[in-house]
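# Structure assessment
So the chains spell out like this:
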Amino acid sequence: MSNAIPPSEVRSFRNALGAFATGVTVVTTRATDGSDVGLTANSFNSVSLEPPMVLWSLAKSSRALPIFAKAPYFAIHVLASDQEPVSRQFSRPAPDKFVGLDIERGSGEIPLLRDFSARFQCRTAFQYEGGDHVIFVGQVEAFDHSNRKPLVFHGGQYALTVDKRDEVIPEGPDPTSSFSQDFLIYLLGRAHHQLFLGIRRELERRGLSEQQWFVLSLLGVSDHRTQAELDRMLAYTGKRVTFELLAGLAAADLIRLGGAHDPQVRASLTEHGRQIVIELVSAAKAAESDATRHLDPVELHVLKSALRTIVRDTDPGLPLLLAPTDAE
Ligand SMILES: Cc1cc2nc3c(=O)[nH]c(=O)nc-3n(C[C@H](O)[C@H](O)[C@H](O)COP(=O)(O)O)c2cc1C
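Residues numbered from 1 in each chain as written. Predicted model: local features only at pLDDT ≥ 70, side-chain atom pairs only at ≥ 80, totals over all residues. Heavy atoms only, no water.

## Re the pairing of strand β12 (residues 157-160)
Sheet topology places strand β11 (residues 151-154) next to β12; 4 bridges connect them, and they run antiparallel. Bridge pairing links F153 to Y158 in β12. Between β11 and β12, which pair antiparallel and follow one another directly, the connecting turn spans 2 residues, one of which, G155, has a positive phi of 60°. (Pairing = 2+ DSSP bridges. Helix = DSSP H or I, 4+ residues; strand = E, 2+ residues; numbered from the N terminus.)

## A short note on the packing of aromatic side chains
Inspection of the entire model under this criterion finds 10 aromatic pairs. Taking 6.2 Å as the distance between ring centres and 65° as the angle between the ring planes, the aromatic pair formed by F196 and F214 counts as edge-to-face. Taken as a pair, F196 in helix α5 (residues 184-205) and F214 in helix α6 (residues 210-221) lie far apart in primary sequence, 18 residues in all. Of the two residues, F196 and F214, both sit in the buried class. Connected via pairs of aromatic rings, a cluster forms that spans W56, F68, F74 and F136. (Phe/Tyr/Trp six-rings, centres within 6.5 Å; stacked < 30°, edge-to-face > 60°. Buried < 20%, exposed > 50% of the residue type's maximum accessible area, 1.4 Å probe, protein only.)

## Description of the sheet that holds β12
On the basis of which strands lie adjacent, the open sheet formed by 3 strands has the order β1-β11-β12 and antiparallel pairing. Among the strands making up the open sheet, the edge pair consists of β1 (22-23) and β12. For β1 and β11, the ladder comprises 2 bridges, and the chain directions are antiparallel. The residue of β11 that forms the bridge with T22 is F153.

## Focus on the packing of α6 against helix α8 (residues 243-251)
Viewed as axis vectors pointing N to C, α6 and α8 meet at an angle of 75°, and their least axial separation amounts to 10 Å. Relative to α8, the element α6 is oriented roughly perpendicular. Contacts between α6 and α8 involve Q211, Q212, V215 and L216 from the former and L245, L246, G248 and L249 from the latter. Its residues assigned to classes, the contact of α6 with α8 comprises 5 nonpolar, 3 polar and no charged. (Axes fitted to C-alpha atoms, helices over the stretch in contact; angles between N-to-C directions. Parallel < 35°, antiparallel > 145°, perpendicular 65-115°, else oblique. Contact = heavy atoms within 4.5 Å. Nonpolar A, V, L, I, M, F, W, Y, C, P; charged D, E, K, R; others polar.)

## Some points on the environment of D253
Of note, D253 is situated in the loop between α8 and β14 (255-257). Taking the relative accessible area as the measure of exposure, D253 reaches 44% and is therefore partly exposed. In this structure D253 touches T270, H272 and G273, once residues within four positions along its chain are discounted.

## Considering the site of the ligand
Close to the ligand lie 16 residues, the nearest being T40, S43, S57, A59 and F90. In this structure, N42 approaches the ligand through a main-chain N or O atom, which is 3.0 Å from a nitrogen atom. For the ligand, a nitrogen atom lies 2.9 Å from a polar atom in the backbone of S57. Here the ligand loses 78% of its free accessible area of 640 Å² to cover by the protein chains. Contributions of two or more residues to the shell around the ligand are made by β3 (36-41), β5 (53-59) and α3 (84-91). Across the shell around the ligand, the residue classes tally to 8 nonpolar, 6 polar and 2 charged. (Near = heavy atom within 4 Å. Polar contact = N/O pair within 3.5 Å; in protein donor to acceptor, adjacent residues only side chain to side chain. Areas by Shrake-Rupley, 256 points an atom, 1.4 Å probe, with all protein chains shown as cover.)

## Things to note about the pattern of salt bridges
Tallied over the entire structure, the rule returns 23 salt bridges. The residue E141 makes a salt bridge to R123 at a minimum N-O spacing of 3.5 Å. Of the two residues, E141 is situated in strand β10 (residues 133-145) and R123 in strand β9 (residues 118-130); the sequence distance between them amounts to 18 residues. Owing to a relative accessible area of 31%, R123 belongs among the partly exposed residues under this scheme. Among the salt bridges present, the one from E279 reaches R206, with a minimum N-O distance of 2.4 Å. Of the two residues, E279 is situated in helix α9 (residues 271-291) and R206 in the loop between α5 and α6; the sequence distance between them amounts to 73 residues. (Salt bridge = Lys/Arg side-chain N within 4 Å of Asp/Glu carboxyl O.)

Following this line, the structure appears as structure tokens:
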């Protein structure tokens, strides 16, 4: 009886295996000719505490198989969330996969990466037949560990972890409590307003409205826009960019207007205007880092990417921020 999976189901089997989220490791050793060898592997797992043992498996088709089969030592480096480039570097065939990496030497002169989330230096204890792979079991002789977040592999893609905080939403008699705790619109709105408190004070100090600040910051990214363009680009705020609003900025010497009352009149930042934009952008950056001080880099990344998706999916068809001006 053949135990092979029918060819039509190989992909499906791969997909089923991909449902299991793993970390990503780089396994390294040294060949008998003195060359350094390594590959990306997500087949790593713990085996035993007493004695400390771990395992990983290597494809029989790998050019590295005869080298690992003879190697008395190997090292497993569990990669951190920012080490996707290292994973890519070790998953592609190359004459020297260690180029540009900082290494030190372990038992048997094996190459050890200095950058990792965890590192296990192993003596090869057992090798087992495992279908089209060979399973290597290593006895851990030394290990190192940092608290960096891990790089994850899931469903054939790299992923990041976010801690699950068990936040219990009180189901009190107050019907607004679940609204205030769980409604995205409430949370986004409140986060926006609170994040903006400090900036609003800066604007008041300079006698500027929020809409005028949006115009100035837009011109800071992409100067020399017509009133009509600015109006379209800021349509998402629900407020208009009127000629009067621009005239107010011109009177304060923050922008220069290339003409009189006309939607095609172009606005450009003055020197003074550019200086104010720089000051307000730094205030906004300070407010952002203060507001996100308890988020780790992965959470911030996930938050921003989720917000980008919401911005895209709710976009009423606004022109791109850096689209060419009407004249171009
Ligand atoms: C996330 C990821 C996990 C991998 N896990 C394994 C593994 O556990 N075992 C294995 O033999 N190959 C694994 N590979 C593939 C090897 O990294 C790749 O085939 C090898 O580095 C190719 O280089 P080589 O030709 O020098 O052997 C993995 C690749 C990636 C991207």
